[in-house]
Amino acid sequence: MKSPFRPEVIPDKAVLDDHKPLIRSLERRGLIRGGLSLGSLAMLTGCDVERPDAVESALLAISRFNDGVQALLFDPRKLAPTYPASMILRPAKFNAYYDVTEVKPVNGESWRLDLSGLIADKRPWTLGQLQALPQSSMVIKHICVEGWSYIGGWSGVRLATFLEHIGADLRAKYVAFKTADDYPSSIDMATALHPQTLLALRYGDEPLADPFGFPVRLRMATKLGYKNPKWVTALEVTNTYPGGFWEERGFPWFAGL
Ligand SMILES: Nc1nc2c(c(=O)[nH]1)N[C@H]1C(S)=C(S)[C@@H](COP(=O)(O)O)O[C@H]1N2
Ligand SMILES: [Mo]
């Protein structure tokens, strides 16, 4: 590891600006203090601050190390900010690991939600059955690590309600999801049971549009955008760490706000 003190390196604001969302998230979580400089990042991690990719992986390393701590600190009763319905963006902003023109719509009639793992009643669910459960709504901010956000209005079944209904083991560690586009994802049980965690069926009081996950997507007020799988096709309750699409590519698993 090189000396952390390299006076010839003038803290380059532009490099850190590239990672603003990640830095903000680390700041919010109290992992770093405001006004992070490349010098202090070098001291923390020994990374080569002249290489932007090294800066990114150093930030991600701080973040990953703290997934476990974050999960312990998560307060299941604390609510994320909500907004008036007048602020809902229509249409929502699209993102996926591919272009919107490549979205393959899911057929709501033949769609089923498959259940597996630590669940008493593993019969698959239809869309009609989900629509018949009590519905909740929330207007929340969606924050993507790429550095954009929007306020969205989501309605659907609280995941807590659904998990109780199917007799899931609520002491299990994880709830994992599979999707129609091969975007596996998973969350901790405390977040699964949080009141602002929905199996969302509607956006701004219309059924979800195809690009946004029709017929069902996970929507949480307490986590970054990439933790919210669209086009969900299967749910598993498990004690074995399931990982996820971006987590396998180095992003933090907890990713709380
Ligand atoms: N199935 C699936 N879900 C996904 C993604 C994806 O590529 N596939 N991308 C994630 C990312 S990175 C973001 S920011 C949000 C975008 O959701 P939106 O298009 O509804 O705004 O979806 C998340 N869920
Ligand atoms: Mo994202």
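All figures in this text were calculated on a predicted structure; none of them were measured in a lab.

Enquirer: Which residues make up the overall build of the chain, and what values do they have?
Expert: A count of helices and strands for the chain gives eight helices and nine strands. When each of the 257 residues of the chain is scored for burial, the buried share is 48%. Long-range contacts, defined here as pairs at least 24 residues apart, represent 68% of the contacts in the chain between residues at least 6 apart. Element-wise, carbon and sulfur atoms account for 55% of the exposed surface of the chain, whose accessible area totals about 12,800 Å².

Enquirer: So, unusual backbone geometry: which residues are in play, and what are the values?
Expert: Across residues other than glycine, the phi torsion is negative in most instances, and most of the peptide bonds are trans. Of the consecutive residues Arg90 and Pro91, the connecting peptide bond is found in the cis state with omega at -10 degrees. Looking along the chain, the bond that leaves Phe214 and enters Pro215 is cis, with omega of 5 degrees. On the secondary structure map, Pro215 appears in the loop between strand 7 (206-207) and strand 8 (217-220). Phi at Asp182 takes a positive value of approximately 60 degrees, unusual for a residue other than glycine.

Enquirer: Let's hear about the pattern of salt bridges: which residues, and what values?
Expert: Scanning all chains against the criterion turns up six salt bridges. Between Asp75 and Arg77 there is a salt bridge; the shortest N-O distance is 3.5 Å. Among the residues examined, Asp75 registers a relative accessible area of 30% and is labelled partly exposed.

Enquirer: An account of the pairing of strand 3 (residues 148-158) is needed here, citing residue identities and associated values.
Expert: Strand 3 sits mainly inside the fold: eight of its eleven residues count as buried. Of the strand pairs in this sheet, strand 2 (residues 136-144) and strand 3 are connected by nine bridges, and their pairing is antiparallel. Residue Ser136 lies in a different strand from strand 3, and its bridge partner there is Gly156. Hairpin geometry of strand 2 and strand 3 is characterised by an intervening segment of three residues between the two adjacent antiparallel strands and by a positive phi of about 105 degrees at Gly147. Both strand 3 and strand 6 (residues 197-203) contribute to a ladder of five bridges, which runs antiparallel. Looking across to strand 6, one finds that Gly156 is bridged to Ala200.

Rules and cut-offs
Residues numbered from 1 in each chain as written. Chains lettered and ligands numbered in written order. Predicted model: local features only at pLDDT ≥ 70, side-chain atom pairs only at ≥ 80, totals over all residues. Heavy atoms only, no water. Helix = DSSP H or I, 4+ residues; strand = E, 2+ residues; numbered from the N terminus. Buried < 20%, exposed > 50% of the residue type's maximum accessible area, 1.4 Å probe, protein only. Contact = heavy atoms within 4.5 Å. Areas by Shrake-Rupley, 256 points an atom, 1.4 Å probe, with all protein chains shown as cover. Salt bridge = Lys/Arg side-chain N within 4 Å of Asp/Glu carboxyl O. Pairing = 2+ DSSP bridges.

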